[in-house]
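Spelled out, the chains give:
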Amino acid sequence: MIDTLPARPPDPSATLPEGDACAPVSATPDGERNTGWSRIRPWAAAVAMLLLFAAALVVLRRELAGTGYQRIMASVAAVPTRQVIEALGATALAYLMLAGYDLLALRYIGARIAPWRVLASSSLSYGISQTLGFPLLTGNAVRVRFWTAWGLSTEDMARAAAFVSATFTVGIVTVCAGALLVEPEDMLSVLHLQWMAARVAGAALLLVPMAWLAWSWRGSPLRIAGWEFAVPAPRLAVSQAVVAVLDWAAAGLVLWVLLPAAPALSFLSFLAAFVLAQTMGVVSHVPGGLGVVESVMVLALQPFLPAQETLAAMLAYRAIYYLVPFVASAVALMALEVTRQRMRVKAVLGGTQSALAEVSQWMRVLQPLLPLAIGASTFLGGVLLLLSGATPAVHGRVRTLTGLLPLGLIEFSHFVASVVGAGLLVLGWALRRRLDAAWGLTVGLLTIGIVASLLKGLDYEEAMALTVVLLVLLPSRRAFYRKAALTSEPLSAGWVTAIIAVVGASIWVGLFAYRHVDFSTELWWSFAVRGNAPRFLRATAGAVAVVLTLALARLLRQATYVPAPPTAAELARATVVVRASPASTPSLALLGDKSLLWNEAGSAFVMYGVAGRSWIAMGDPVGPVDAGVDAAWRFKSEADAHGAIPVFYQVGAERLPLYIDLGLTLLKLGEEALVPLQTFSLGGADHRWMRRNLNDAERAGMHFEVVPASAVPALLPQLRAISDEWLGTKATREKGFSLGRYDEAYLSHFPMALVHAPRDGVDEIVAFANLWAGAPGGEISPDLMRKSSHAPRGVMDFLFIQLLLWGKAQGYSMGNIGMAPLAGLRSPALSRPELAPLWSRAGAFLYGRGEQFYNFRGLRAFKSKFSPVWMPRYLASPGGFALPRVLANVTTLISGGASGIVHK
């Protein structure tokens, strides 16, 4: 449910404020340049993560120097069933604690949601995000699906997500401080931490939660450099710390019960080491801290447990704490998808039952999450195949197979399984981006992988895991709808890093497993039942060849799109698409000041401009809905490829799910006034002012006409004189991007509304407006409006009234009379405005600077007189601290450059 504000009662005395009806808002520009660093920054972070991951593997190899792969696997297999059951119970407790983050956040914003709903949504969201890594980012993206369905406003969701992040931060700082304060000196020395330095650091970190609690007791917002930070109630602040500490303790308990008994190791000492390891994993930004946490735990527990037993417990911990909840979440999504298909059949056969209403709501929320879960599952399937190919097969199974199948088929299956694994790593990314071609390829590769797993060594466990992924994927065909080609989509730095890390880790595991083998050239061509090392070499070569081939194909593909002004041919093609759109705003594409980015079929486009690091799309994609989705995804891909920030400005509520899928957050910019023309009339007490205006206009000799586009060129000299006079009188300059400007080629595309009035006995044009006209039955909207200095009083009211009457007579359904910026930027439901999210206040601050140029309240009051339906309009962009820069870039673009903000 999207929050909207009720329209203010119309003020009949209000007149059109000085300036255009759709005047842009202003802000202080950021003016950041698109430097080379902006492009390499994601890759610099990716390289740093790879280096940390490699360092962790080096540490593990050194610590496991006296341990073989078989001994580690034997230790994993020797974990008692009782301990596994206890670990599963501790995992359930840990995820119950994770739900506490969401419960506190919803309590903070005053949302009353049934606890069982929050528990269910939290389990699904954390089940996915904990495995994918970066839980604060992926978890928030999953949560917003549920919170939107439960009626939370955009501002409420932003505040709740920020509160979850704050709780996580307070928690990790608190437990890390406690770990540094209580960790025994001998364990600190193993971790190469000085006793005094650790105690001082712990005491310093403890000041953070203490300051947080003191702030909550103070009870007033914290003000820093002009910004206000909302404060939770003291009881809520204490609950944050308690929930976070319990969460970390429960997560540590999962690993604790999996470790062999070590009498000299207390749970408190272990938990301190676990917290420090997890903190280092979080700081490293390696997804899940993979490798980093393991290396720190092996070092920390070295005085108490052999390295292979610690690593074996860590492997079991990863499977139980991460993979089991992830698989459960993926299966839940599959079950909901299957239920959705059954409900559709029931609807066809005679309608759905009311008892399924709750399930229907859950499916509406969860269905868009399928690509995310399936993409991650496919990636993990590739990881499984690569690691299986790098490790020794169970000899008894291979021996059984050789009695039934030729050895060559077994060798070939081993090679194929690893090649399929490398392919699944890439297809996991493509599935996340909802590419339809990826669905068919993944079905094929998963099927081949299942067969190859059985033929290479009767690995029924991994075959079953791949089968689960396939069963989740098969009924989800409709979730993968994008028609873009695989080769046209740029791989993100994070995904490239993950692929390299997985391939590198599989090579490391293979070299560790066969480190006693004397590798030689002859080994490549050795085929034997016990030839595990040769199989590893050949499978690794195949996987690396696949990855390098794909990388080479990416390097040799056609260069990415470079933003450029539209050509005459593009504008002609855009004209056809614009004329078929029922909305009026797409007509802005014909201004020629925005680049056009088309979908591959050329049936839809995104119009956008560039300011600083922001690529800013004006409005929703133009064209058919499905084609527009493809265009939006391509726009984001191209922006990412150029190191830019993708932004959609002034979009409607109908497409909000698309922008959430794109990973963007939403800020309400204002509300757009739409007048229903079928019911519009001059009757009624509220419209008495309209009848009076028409009578006054008739006495003043004013009359209205609309001339077709073909007649506009002959009128341009007269219109130019009126426009120049108007600009000179207002001491302003032409704007752009979000509204039209006086450009003769642009104005020649549209019919023109004219107001005539007598002057010195001669009838002349005193006001005009070009008309954006949607497809028949769609919207009609005035764009550029100008009036002469000697126009009679009330001329703009007269122009609007006549435009609406003309649109009704022509069969249009809506009269779009433009935006009321800032309307509803903060929800009136908030009893304390300072509780609005930081970026909402940043937007209000930046846009508020435009009040000295434009009369926002007067503009809203003027449009309210026509009894419109107010529709919310949003900015879709990355959130957080990037938002003020985005808002500044938008304002710079609208104002025609930074000087357009300072000088009207």
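1. A word on the overall build of the protein
Phase 1: Each helix and strand in the protein was counted, giving 31 helices and 13 strands.
Phase 2: For the protein, the residues scored as buried account for 55% of the 904 residues in total.
Phase 3: Relative to all contacts within the protein whose residues are 6 or more apart in sequence, the contacts with residues 24 or more apart total 77%.
Phase 4: For the protein, the exposed surface amounts to about 37,200 Å²; the carbon and sulfur share of it is 65%.

2. Focus on unusual backbone geometry
Phase 1: Phi is positive for Gln650, which is not a glycine, with a value near 65 degrees.
Phase 2: Considering the arrangement of structural elements, one finds Gln650 in strand β6 (residues 645-652).
Phase 3: For Ser867, which is not glycine, the phi dihedral falls at a positive 55 degrees.
Phase 4: Within the secondary structure layout, Ser867 lies in the loop between α29 (856-864) and β13 (869-877).

3. Quick look at the packing of aromatic side chains
Phase 1: A full pass over the atoms with the stated rule returns 19 aromatic pairs.
Phase 2: Here the aromatic rings of Tyr608 and Trp615 are separated by 5.2 Å at their centres, their planes lie at 25 degrees, and the arrangement is stacked.
Phase 3: For Tyr608, a relative accessible area of 0% corresponds to the buried category.
Phase 4: Both rings, one in Tyr746 and one in Phe750, keep their centres 5.0 Å apart while their planes meet at 70 degrees; by these two values the pair is edge-to-face.
Phase 5: By relative accessible area, which is 1% here, Tyr746 ends up buried.
Phase 6: Taken together, the ring pairs connect Tyr95, Trp256, Phe267, Phe270, Phe274, Tyr317, Tyr321 and Tyr322 into an aromatic cluster.

4. A few points about the nonpolar core
Phase 1: If you look at the biggest cluster of nonpolar residues, it comprises 65 residues, and the most contacted ones within it are Leu258, Phe274, Met297, Tyr317 and Tyr321.
Phase 2: Among the elements of the structure, α3 (81-108), α4 (115-132), α5 (135-149), α6 (154-182), α9 (234-258), α10 (267-284), α11 (292-300) and α12 (307-350) are those that each provide at least two residues to this core.
Phase 3: Top contributing element to this core by residue count: α6, with twelve residues.
Phase 4: Among residues more than four places away in sequence, those in contact with Tyr317 are Ala251, Val254, Leu255, Leu258, Phe274, Gln278 and Tyr322.

5. Some remarks on the pattern of salt bridges
Should the charged atoms of two oppositely charged side chains come close, the side chains can pair.
Phase 1: Counting across every chain of the model gives twelve salt bridges.
Phase 2: For Arg720, the salt bridge identified is with Asp724, shortest N-O distance 3.7 Å. You can see Arg720 and its partner Asp724 sitting in helix α25 (residues 712-730), four residues apart, about one turn around the helix.
Phase 3: The partly exposed category is assigned to Asp724, whose relative accessible area is 39%.
Phase 4: A cluster of three or more residues bridged by salt bridges with shared partners is formed by Lys456, Asp459 and Glu462.

6. Examining the confidence of the model for the protein
Phase 1: In the predicted model, the protein carries a mean pLDDT of 74, and 69% of its residues have values of at least 70.
Phase 2: Confidence, expressed as mean pLDDT per element, reaches its minimum in the protein at helix α31 (residues 899-902) with 39 and its maximum at strand β8 (residues 703-707) with 93.
Phase 3: Note that pLDDT drops below 50 for residues 826-836; the model gives that stretch 26 contacts with residues more than four away or on any other chain.
Phase 4: Taken as a whole, residues 845-854 scores under 50 in pLDDT and shows 31 contacts with residues more than four places along the chain or in a different chain.

7. Considerations on the pairing of β13
Phase 1: By the criterion of burial, β13 is predominantly enclosed, with seven of the nine residues buried.
Phase 2: Alignment of β6 against β13, held across four bridges, turns out to be antiparallel. Paired with Gly652 across the two strands is Arg873, which belongs to β13.
Phase 3: Note that strand β7 (residues 665-676) and β13 share nine bridges and pair antiparallel. Paired with Thr665 across the two strands is Ser877, which belongs to β13.

8. What to know about the environment of Met785
Phase 1: Topologically, Met785 is positioned in strand β11 (residues 779-787).
Phase 2: Put simply, Met785 and Ala769 are 16 residues apart on the chain and 4.4 Å apart in space, counted from C-alpha to C-alpha.

9. Things to note about α11
Phase 1: Burial runs high along α11: nine of the nine residues are buried.
Phase 2: Regarding α11, the residues found buried are Val292, Val293, Glu294, Ser295, Val296, Met297, Val298, Leu299 and Ala300.

10. Observations regarding the packing of helix α17 (residues 436-457) against helix α18 (residues 460-473)
Phase 1: In contact at an axis separation of 8 Å, α17 and α18 are set at 160 degrees when each is read in the N-to-C sense. Comparing the axis directions of α17 and α18 gives the class roughly antiparallel. Where α17 crosses over α18, the handedness of that crossing is left-handed. Contacts between α17 and α18 involve Trp439, Thr442, Val443, Leu446, Thr447, Gly449, Ile450, Ser453, Leu454 and Lys456 on the former and, on the latter, Tyr460, Glu462, Ala463, Leu466, Thr467, Val469, Leu470 and Leu473.

11. Regarding the environment of Ala94
Phase 1: Positionally, Ala94 belongs in helix α3.
Phase 2: Separated by 154 residues in sequence, Ala94 and Trp248 place their C-alpha atoms 7.9 Å apart.
Phase 3: Apart from the residues within four sequence positions on either side, Ala94 is in contact with Asp247, Ala250, Ala251 and Tyr321.

12. Comments concerning the packing of helix α14 (residues 370-390) against α18
When two helices pack together, you describe them by how their axes are tilted relative to each other and by the distance separating the axes.
Phase 1: Two elements in contact, α14 and α18, have axes whose closest approach is 10 Å; the angle formed by their N-to-C orientations is 160 degrees. With respect to each other, α14 and α18 are oriented roughly antiparallel. As α14 runs across α18, the sense of the crossing is left-handed. Touching Ile374, Ser377, Thr378, Gly381, Leu384, Leu385 and Ser388 of α14 are Glu462, Ala465, Leu466, Val469, Val472 and Leu473, all from α18.

13. Thoughts on the side chain of Ser418
Phase 1: Within the fold, Ser418 resides in helix α16 (residues 407-432).
Phase 2: Apart from residues lying up to four places away in sequence, Ser418 is in contact with Leu385, Leu386, Gly389, Ala539 and Ala543.

14. A short note on a nonpolar patch on the surface
Phase 1: A cluster of nonpolar side chains, contributed by Leu93, Leu96 and Leu119, occupies part of the molecular surface with about 230 Å² of accessible area.
Phase 2: By the element assignment, Leu96 lies in helix α3.

15. Concerning α14
Phase 1: The first and last C-alpha atoms of α14 sit 30 Å apart over 21 residues, in line with the 30 Å expected at 1.5 Å per residue.
Phase 2: Of all 21 residues that make up α14, 18 are buried, and the element is covered over most of its length.

16. Regarding the side chain of Thr442
Phase 1: With respect to the secondary-structure elements, Thr442 resides in helix α17.
Phase 2: Apart from residues lying up to four places away in sequence, Thr442 is in contact with Thr378, Leu424, Leu427, Leu431 and Leu473.

17. Side note on the environment of Ser239
Phase 1: In this structure, Ser239 sits in helix α9.
Phase 2: Along the chain, Ser239 and Thr167 lie 72 residues apart, while their C-alpha atoms are 9.2 Å from each other.
Phase 3: In this structure the side chain of Ser239 is engaged in a polar contact, spanning 2.8 Å, whose partner is the backbone oxygen of Arg235.

Cut-offs applied
Residues numbered from 1 in each chain as written. Predicted model: local features only at pLDDT ≥ 70, side-chain atom pairs only at ≥ 80, totals over all residues. Heavy atoms only, no water. Helix = DSSP H or I, 4+ residues; strand = E, 2+ residues; numbered from the N terminus. Buried < 20%, exposed > 50% of the residue type's maximum accessible area, 1.4 Å probe, protein only. Contact = heavy atoms within 4.5 Å. Areas by Shrake-Rupley, 256 points an atom, 1.4 Å probe, with all protein chains shown as cover. Phe/Tyr/Trp six-rings, centres within 6.5 Å; stacked < 30°, edge-to-face > 60°. Core = buried A, V, L, I, M, F, W, Y, C linked by side-chain atoms within 4.5 Å. Salt bridge = Lys/Arg side-chain N within 4 Å of Asp/Glu carboxyl O. pLDDT = per-residue confidence, 0-100. Pairing = 2+ DSSP bridges. Axes fitted to C-alpha atoms, helices over the stretch in contact; angles between N-to-C directions. Parallel < 35°, antiparallel > 145°, perpendicular 65-115°, else oblique. Left-handed = near helix turned anticlockwise from the far one by under 90°. Patch = residues over 30% accessible without salt bridge, like charges linked within 9 Å, V, L, I, M, F, W, Y side chains within 5 Å. Expected span 1.5 Å × (residues − 1). Polar contact = N/O pair within 3.5 Å; in protein donor to acceptor, adjacent residues only side chain to side chain.

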